[in-house]
Amino acid sequence: MRFLYKRPKLDQVSEELETLMEVMVSDLFIYLDLFIFSIIFTIFLSPVIPSLTMALLFFVASYSFFGCLYYFVISKITVTK
């Protein structure tokens, strides 16, 4: 069955990879990732956190910290087009 599969041209592959890279490094995608990782981080630490209010506060603090870290360190280093 492998002979039925037609390999794409190099130009098509490079265009798809460029599109994928634009999405992966977009600010919206990165902040969404930070949101999801902050939720997971808060859920994993929920046995240690004493109350729901503290868990919510911890979530907001961790999202804010990592968001600021990304904004002030990573996004300032990269050159935007």
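Just above, that's the structure.
A.B. asks: Hey, could you run me through a nonpolar patch on the surface in this one?
C.D. replies: Judged by side-chain polarity, Phe41, Phe65, Phe66, Leu69, Tyr71, Phe72, Val73, Ile74 and Ile77 come together as a nonpolar surface patch covering roughly 880 Å² of accessible area. Residue contributions to the nonpolar patch peak at eight residues, all from helix 3 (residues 52-77). Within the element layout of this structure, Phe66 appears in helix 3. For Phe66, a relative accessible area of 34% translates into the label partly exposed.

A.B. asks: What should I look at first to understand a negative patch on the surface in this one?
C.D. replies: Negative charge collects at one region of the surface, where Asp11, Glu15, Glu16, Glu18 and Glu22 lie side by side. In this fold, Glu15 is placed in helix 1 (residues 10-24).

A.B. asks: I tried to follow the packing of aromatic side chains on my own but got confused; where do I start?
C.D. replies: Each aromatic ring pair is characterised by the separation of its centres together with the angle its planes make. Under the defined criterion, the tally for this structure stands at seven aromatic pairs. Pairing Phe41 with Phe58 gives two aromatic rings, centres 5.5 Å apart and planes at 35°, and the pair type is tilted. A residue pair is termed long-range when its members are at least 10 positions apart, and Phe41 in helix 2 (residues 27-44) and Phe58 in helix 3 qualify at 17 residues. The class of Phe41 is partly exposed, set by a relative accessible area of 38%. For Phe58, a relative accessible area of 26% corresponds to the partly exposed category. A ring pair is formed by Phe65 and Phe66, whose centres lie 5.2 Å apart and whose planes are at 65°; its orientation type is edge-to-face. Each member of the aromatic cluster is reached from another via a ring pair, and the members are Phe35, Phe59 and Tyr63.

Conventions used here
Residues numbered from 1 in each chain as written. Predicted model: local features only at pLDDT ≥ 70, side-chain atom pairs only at ≥ 80, totals over all residues. Heavy atoms only, no water. Patch = residues over 30% accessible without salt bridge, like charges linked within 9 Å, V, L, I, M, F, W, Y side chains within 5 Å. Areas by Shrake-Rupley, 256 points an atom, 1.4 Å probe, with all protein chains shown as cover. Salt bridge = Lys/Arg side-chain N within 4 Å of Asp/Glu carboxyl O. Helix = DSSP H or I, 4+ residues; strand = E, 2+ residues; numbered from the N terminus. Buried < 20%, exposed > 50% of the residue type's maximum accessible area, 1.4 Å probe, protein only. Lys, Arg positive; Asp, Glu negative; His and termini not counted. Charge placed at Lys NZ, Arg CZ, Asp CG, Glu CD. Phe/Tyr/Trp six-rings, centres within 6.5 Å; stacked < 30°, edge-to-face > 60°.

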